[in-house]
Amino acid sequence: MSTMTPPEIVCEDLVRIFTAEGVEVQALQGLNLTVEAGDLVALVGASGSGKSTLLTILSGLDRPTAGSARVAGHDLVALSARERQVYRRDTVGFVWQQTTRNLLPYLTAAENVALPMTLTPRRRPAAERRSRVAELLELLGVDHVADRRPAELSGGEQQRVAIATAVVNGPRVLLADEPTGELDEATSDEVLEAIRHMTTELGMTTLIVTHDPTVAAHVRRTVRIRDGRTATETLRRTAVDEHGRERHLHEEFAVIDKVGRLQLPREFVEALDLRERVRLGLAADHVRVSPHDLPGDDGDEEDR
Ligand SMILES: Nc1ncnc2c1ncn2[C@@H]1O[C@H](COP(=O)(O)OP(=O)(O)OP(=O)(O)O)[C@@H](O)[C@H]1O
Ligand SMILES: [Mg+2]
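Throughout what follows, the structure given in this document is the object of discussion.

Reading the values: the criteria
Residues numbered from 1 in each chain as written. Chains lettered and ligands numbered in written order. Predicted model: local features only at pLDDT ≥ 70, side-chain atom pairs only at ≥ 80, totals over all residues. Heavy atoms only, no water. Helix = DSSP H or I, 4+ residues; strand = E, 2+ residues; numbered from the N terminus. Expected span 1.5 Å × (residues − 1). Buried < 20%, exposed > 50% of the residue type's maximum accessible area, 1.4 Å probe, protein only. Arc of directions from axis to C-beta. Contact = heavy atoms within 4.5 Å. Polar contact = N/O pair within 3.5 Å; in protein donor to acceptor, adjacent residues only side chain to side chain. Phe/Tyr/Trp six-rings, centres within 6.5 Å; stacked < 30°, edge-to-face > 60°. Lys NZ or Arg CZ within 6 Å of the ring centre and 35° of its normal. Salt bridge = Lys/Arg side-chain N within 4 Å of Asp/Glu carboxyl O. Near = heavy atom within 4 Å. Areas by Shrake-Rupley, 256 points an atom, 1.4 Å probe, with all protein chains shown as cover.

## Re helix α7 (residues 185–201)
At step 1: When the terminal C-alpha atoms of α7 are compared, their 24 Å separation across 17 residues agrees well with the 24 Å that a helix rising 1.5 Å per residue should span.
At step 2: Taken as a whole, α7 has its buried residues at T187, S188, V191, L192, A194, I195, M198 and T199. All buried residues of α7 fall inside an arc of 155 degrees around its axis, so they share one side. Projecting away from the buried face of α7 at angles above 90 degrees are the exposed residues E185, A186 and T200.
At step 3: The inward-facing, buried residues of α7 abut β3 (40–44), α5 (126–139), α6 (155–167), β7 (173–177) and β8 (205–209).
At step 4: Measuring from the backbone nitrogen of A186 back to the side-chain oxygen at the start of α7 gives 3.2 Å, which picks out D184 as the cap.

Put into structure tokens, the structure is as follows:
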């Protein structure tokens, strides 16, 4: 989809290598990702595929080993320490999986939400801060717990208060790393719905990491990371069938990068025992990928 506004998140060939006890781990191996302004995108993938690594880079907490990342017009590789601090305070909001990491235990829900507003130089008057807190808690359906401390809240309530805290300074981008990881299915549905509502209501761009397979129902676009690279994308669209009924369609696409690389799904590779090299054939409307040694293949067969 092309729009006049530049994309809000652009990662190009992002690489992050960790060295732990002399062993190199390639957490990101040339990841490409573009997210348009105003979109809500889910990021899924097996444990260890690099999801948190990506989010930590986008949140300004970590730097890539190579490649580029731009968020809301900021080049994350070039930011100075001071700019990084301002970026983290004003441009991005985050929600972590561990409910305890998001909120201060000795402050009430309302005090937690109000806190980031007192940490910016453009400090609003106290009355305005109070009404902003009340407005957000109400939007998220947790106004009744305003005066309770985190320990007196359910997991879902804590995460909704955490979302309010993350967005109170009006960030352009919201990053959430498994915000529903510790919640049951019904509560997790509520929190995802709250994130979706916030994204539209506040005009943010949101990237949410999740293990939750039902998350696709809440978002238009799901990006799957495999081995530190973007592997496939699932787009959801609504279509009207021949009986005039609305149906939600989920279509999975492989992602192809600037230089034409794509990852074949593991099942395909295994089904045809594709190894080392494959034969490519260009047809009028598709590309054929076949095993190197097709029986009876004399090597110069072409798709016509
Ligand atoms: N600080 C670090 N030092 C060394 N290795 C790390 C570090 N952080 C992450 N890794 C490694 O990088 C890889 C990607 O980790 P990451 O946390 O991004 O995965 P993930 O997709 O978030 O997994 P999960 O779904 O389990 O949270 C893993 O192999 C992990 O062990
Ligand atoms: Mg993780």
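## Let's talk about the packing of aromatic side chains
At step 1: Per the counting criterion, the structure on display carries one aromatic pair.
At step 2: Taking the centre distance of 5.6 Å and the plane angle of 25 degrees together, the rings of F94 and W96 count as stacked. The pair formed by F94 and W96 is uniform in burial state, with each residue classed as buried.
At step 3: For the cation-ring pair, R101 lies above W96, with the distance from its terminal atom to the ring centre recorded as 4.2 Å.

## Structural notes on the pattern of salt bridges
At step 1: The full count for this structure, using the stated rule, is twelve salt bridges.
At step 2: Of the charged contacts, one joins R16 and D62 as a salt bridge, the two residues approaching to 2.8 Å between their closest N and O atoms. Residue R16 is found in strand β1 (residues 9–20), and its partner D62 is found in the loop between α1 (51–58) and β4 (66–71); the two are separated by 46 residues along the sequence. Judged on exposure class, the residue R16 and its partner D62 are both buried.
At step 3: The partner of E190 in a salt bridge is R160, and the shortest N-O contact between them spans 3.2 Å. Taken together, the positions of E190 in helix α7 and R160 in helix α6 put the pair 30 residues apart, joining distant regions of the chain.
At step 4: Taking relative accessible area as the criterion, E190 reaches 41% and is therefore assigned partly exposed.
At step 5: For R160, a relative accessible area of 13% puts it in the buried group.
At step 6: Within the structure, one salt-bridge network assembled from shared partners comprises R89, D90 and R122.

## Describing the site of ligand 1
At step 1: Taken together, the neighbourhood of ligand 1 is formed by 13 residues, with S47, G48, K51, S52 and T53 sitting nearest.
At step 2: Taking G50, its main chain carries an N or O atom lying 3.0 Å from an oxygen atom of ligand 1.
At step 3: Within the side chain of S52, a nitrogen or oxygen atom sits 2.8 Å from an oxygen atom of ligand 1.
At step 4: Within the complex, the protein chains bury 62% of what would otherwise be the 640 Å² of accessible surface of ligand 1.
At step 5: Among the elements of the structure, β2 (23–35) and α1 are those that each provide at least two residues to the shell around ligand 1.

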